[in-house]
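Spelled out from the first residue to the last, the chains are:
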Amino acid sequence: MRVFDQLAIGVLSIYLTYYCRKHYSTTSTDVLLLLRDRFLSTFYPAAGAATTTIANNPATSTVTTSTLFEAPTDQVIYVPEVMLSARKIVKAFEAIEQAEGAGARVRRSVGTPKLKNFSPFLMLDHFTIGDGAGFPDHPHRGQETITYLLAGSIDHEDFAGNAGTIHAGDLQFMTAGRGIMHAEMPGVSGDGSLIVGLQLWVDLPTELKFCEPRYRDLRAEEIPHAKTDDEKVYIKIISGTSHGVDSVRDLAYTPVWILDVTIKPGGKLTQPLPVGWNAFVYMLAGNVVIEEQKVKQFYNVVFAQEGDGVEVRVEESETEEARFIIVAGKPLDQPVVQHGPFVLNTNEQVHQAMMDFRGHKNGFERAKGWRSEIGKRMD
């Protein structure tokens, strides 16, 4: 490092110590490292990206520092431990209800003309399924699906013999990879109650488009949680980190954070997010305020990449608590060509996927003559 660079960093560190004492009542090394790294990445690009990283340790969130000018050997997620600036809203819009599948109703926000090419996210459906409805036998290739059940139960079955049921509060992570054919149908409740949930489609990196399919179920009791702001804020950490609590690992190939947040009137959440990731909030219930903008139920709020995280609050005057999910994901630098359930990188690959499915080959061999037992409920 040049003498001038060392001098500049030294002067900056002295100033930041004074600034932190005055504005944050702290001389936290974490803050100094974070700001120093931003200074380096802005004015000295040769130093590389930010060098302060949050290591997602299951026991605790710790700060580690990589060596300057040395590229990390593993994939590193940079998460500011102190929020100095909140992300700005790019757009906010209501998800309009529409028909989908066989008799199901969905509110789709991601994957509509209002929000396309928001890598790595392909689609977000807030679905409602009643008796005699569902998603019978259908194929996938090239993506991951994350199903989060809010009410009721859903049965699952595929052509490889996998079958199971998820209940309210559970999730299923499915990697379609080179090809899968499956069905998702409402569980037999007997009382006619509606099944409600969310399904998020996440793109797979090019090198994993043709991996073997896999499933991971995450049960409600396995999901860690955190409370903050005098317990006015309750956070289920499905994937990611919040207030020193880490989620279960290795749920999806593409790095994604999902936080289910409930805030009582008068409560406020300050949530750091990984640097450079795309992020949005989807409202499940109630009203919140973000960037002094009131956001209602069924709205999707999309954030700019710049900033340390998001701030969400519920006014004291509100009569009910608010519930929403925060979703963030690492953008993939690759083209997306989608035709229904097939998500690849080129038109030729999509055409080949349709040919493979019809010809029962290259991952779809077991689709020939297969019908799911749960799908027969539609007969």
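Residues numbered from 1 in each chain as written. Predicted model: local features only at pLDDT ≥ 70, side-chain atom pairs only at ≥ 80, totals over all residues. Heavy atoms only, no water.

In the nomenclature of an unreviewed UniProt entry, the protein corresponds to RNA pol II transcription cofactor from the organism Discina gigas.

Side note on the pattern of salt bridges
Close approach of charged atoms allows side chains with opposite charge to pair. Heads up, the rule is: Throughout this description, the term salt bridge denotes a Lys or Arg side-chain nitrogen within 4 Å of a carboxyl oxygen of Asp or Glu. Under the DSSP-based scheme used, a helix requires at least four consecutive residues in state H or I and a strand at least two consecutive residues in state E, with every element numbered from the N terminus. Note on exposure labels: buried denotes an accessible area under 20% of the residue type's maximum, exposed denotes more than 50%, and partly exposed covers the range between, all computed with a 1.4 Å probe on protein chains only.
Evaluation of the coordinates by the stated rule reveals 20 salt bridges. Of the charged contacts, one joins Lys88 and Glu291 as a salt bridge, the two residues approaching to 3.4 Å between their closest N and O atoms. Of this pair, Lys88 sits in the loop between strand S2 (61-65) and strand S3 (89-94) while Glu291 sits in the loop between strand S22 (288-290) and strand S23 (293-295), and the two are 203 residues apart along the sequence. Relative accessible area serves as the criterion here: at 52%, Lys88 is assigned to the exposed category.

Examining unusual backbone geometry
A cis geometry characterises the amide bond from Ser119 onward to Pro120, with omega recorded as 5 degrees. Relative to the elements of secondary structure, Pro120 occurs in the loop between strand S5 (104-108) and strand S6 (121-129). Of note in this structure, His243 is not a glycine but carries a positive phi near 50 degrees. With respect to the element layout, His243 can be found in the loop between strand S17 (241-242) and strand S18 (245-246). What makes His243 partly exposed here is its relative accessible area of 40%. A positive phi angle is found at Phe298, which is not glycine, with a value near 75 degrees. With respect to the helices, strands and loops of the structure, Phe298 is situated in the loop between S23 and strand S24 (299-303).

Remarks on the packing of aromatic side chains
Heads up, the condition is: Note on aromatic pairs: the rings of Phe, Tyr and Trp (six-membered ring only in Trp) are paired at centre separations within 6.5 Å, and the planes decide the class, stacked below 30 degrees, edge-to-face beyond 60, tilted for the rest.
Applying the stated criterion to the full structure yields nine aromatic pairs. Taken together, a centroid distance of 6.1 Å and an interplanar angle of 40 degrees make the contact between Phe118 and Phe121 tilted. For Phe118, a relative accessible area of 9% corresponds to the buried category. Overall, Phe121 belongs to the buried group, its relative accessible area being 3%. Residues Phe121 and Phe280 carry aromatic rings whose centres are separated by 5.4 Å and whose planes lie at 85 degrees to one another, so their mutual orientation is edge-to-face. In this pair, Phe121 is assigned in strand S6 and Phe280 in strand S21 (residues 278-285), connecting sequence segments 159 residues apart. For the pair Phe121 and Phe280, one class covers both residues: buried. Through a chain of ring-to-ring contacts, three or more aromatic side chains come together here, namely Phe118, Phe121 and Phe280.

A closer look at the sheet that holds strand S9 (residues 153-158)
Quick note on the threshold: Paired strands, in this sense, are two strands between which DSSP finds at least two bridges. Convention adopted: a line fitted to C-alpha atoms gives each axis, helices being fitted over their contacting stretch, and angles between N-to-C directions are expressed from 0 to 180 degrees.
Strand order in the open sheet made by the four strands is S7-S12-S9-S10, with antiparallel pairing throughout. The sheet terminates laterally at strand S7 (135-140) and strand S10 (163-167), the two strands that pair on one side only. In this sheet, neighbouring strand axes are inclined to one another by 25 degrees on average, regardless of whether the strands run parallel or antiparallel. Sheet analysis places S9 next to strand S12 (residues 180-186), joined by five bridges and oriented antiparallel. Its bridge partner lying in S12, Asp155 is registered against Met185.

Some thoughts on the sheet that holds strand S4 (residues 97-100)
The seven strands are arranged S4-S5-S6-S13-S8-S11-S14 in an open sheet whose pairing can be described as antiparallel. Only two strands of the sheet have a single partner each, and these edge strands are S4 and strand S14 (214-218). Neighbour-to-neighbour, the strand axes of this sheet turn through a mean angle of 25 degrees, independent of strand direction. Two elements, strand S8 (residues 143-151) and strand S13 (residues 195-203), share eight bridges in a ladder whose sense is antiparallel. Residue Tyr148 lies in a different strand from S13, and its bridge partner there is Leu198.

Topic: the pairing of S12
Burial analysis of S12 places seven of its seven residues in the buried class, which makes it a mostly covered element. Judged by which residues are buried, S12 turns out to be covered on both faces: Ile180, His182, Glu184 and Pro186 on one side and Met181, Ala183 and Met185 on the other are all buried. Here S7 pairs with S12 via four bridges, running antiparallel. Within S12, the position partnered with His138 by the bridge is His182.

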